Amino acid sequence: MTTDQQWDIVTSVGLTALGVAAARALETHREDRLISDPYAAAFVKAADAPAPMPTSPAEVAELPADSVWAQAKMEDYMGVRSRCFDDFFAAAGEAGVRQAVILASGLDARAQRLDWAEGTTVFEIDQPKVLEFKQTVLDGLDAAPNCAHRPVAIDLRENWSAALTEAGFDPSQPTAWLAEGLLPYLPEEAEQQLLETIDRLSAPGSRLAVEDFANVGQIFEDESLAEFGKEWGLDMRDLLHSDDRPEAPDVLRGFGWKTEVEGAEAKAARYGRDLTGLFGQMTHASRFVESHKPE
């Protein structure tokens, strides 16, 4: 992809954000839910998706038994992932961090659905059309943020750090950064530049949470998983980068960040969740990284 290629919520990577929103809506219906997202279903309903995206168990039941959605159990993994990063922000707030940056924020309305510590400013960076769609839906629901909310409409392949600073970001203050569902879509050079920029903008005491994958391309070599994206007119193998690259945790340690890594299966077990279905196959490759820049 070149920097002049943009997408909205029903094309390219935008469609994957819509699918994740559907999974969060399904998770919200569970009695043992790990998160509650009252806005996820509204995003899906407001979009003209090229294929059905169920947001409730009743809608899943209407699909053929052999449909990819029925077999995927995508909500199992997305529930664990969302809860992991919700907990990350809660812990950062308890530690006194009052500035958060969500990179490629997609359709997870954390600014509206989480209870942020008083005085917190949340910056959301994503494609202009994605943020515009998101805000339009939230406005229709009269959904107010629980923090000072600063959307930053810019492509991460552009000079996003300057746009972030212009939006009021203060690099002298500790920041809680999140890169969720992002790194697999970046080529090696872009990933390294992203991590370097985060390090440069982070004051001591800053924190970073990352969803990382080992050999992500191999996951979608499974034809059943590849079919998942094809229902939307996507071949996930065309979007994901599986080139050999330095491990993100090692890069962060090289910057002097204290870094811990936990696999998705272990994280799910701590939340009492068994990852099943097609997306359960991601457990061997998915891991959650949390880093802290020493003071």
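Description of the structure in this document. Predicted, not measured: the structure shown is a model, and the values here were computed from it.

Definitions and limits used
- Residues numbered from 1 in each chain as written.
- Predicted model: local features only at pLDDT ≥ 70, side-chain atom pairs only at ≥ 80, totals over all residues.
- Heavy atoms only, no water.
- Helix = DSSP H or I, 4+ residues; strand = E, 2+ residues; numbered from the N terminus.
- Buried < 20%, exposed > 50% of the residue type's maximum accessible area, 1.4 Å probe, protein only.
- Contact = heavy atoms within 4.5 Å.
- Areas by Shrake-Rupley, 256 points an atom, 1.4 Å probe, with all protein chains shown as cover.
- Expected span 1.5 Å × (residues − 1).

The next subject is the overall build of the protein. Looking only at helices and strands, one finds 14 helices and seven strands in the protein. Expressed as a percentage of its 295 residues, the buried residues of the protein come to 55%. Nonlocal contacts in the protein, meaning residues at least 24 apart in sequence, comprise 79% of its contacts between residues at least 6 apart. Accessible surface computed for the protein: about 12,700 Å², of which carbon and sulfur atoms make up 47%.

Phi is positive for Ala104, which is not a glycine, with a value near 50°. Of note, Ala104 is situated in the loop between strand S1 (99-103) and helix H6 (110-113). A relative accessible area of 24% means that Ala104 is categorised as partly exposed. Positioned with a positive phi, Asp142 is a non-glycine residue whose angle comes to about 55°. Checked against the element boundaries, Asp142 lands in the loop between helix H7 (128-140) and strand S3 (148-153). Asp142 gets classed as exposed once you look at its relative accessible area, which sits at 70%.

All right, on to helix H9 (residues 188-201) then. Between its first and last C-alpha atoms H9 spans 20 Å; for 14 residues at 1.5 Å apiece the expected length is 20 Å, and the two agree. For H9, every residue scored as buried is listed here: Glu191, Gln192, Leu194, Leu195, Thr197, Ile198, Asp199 and Leu201. Those residues of H9 that are buried are in contact with S1, helix H8 (160-166), strand S4 (176-179), strand S5 (207-213) and helix H13 (248-254).

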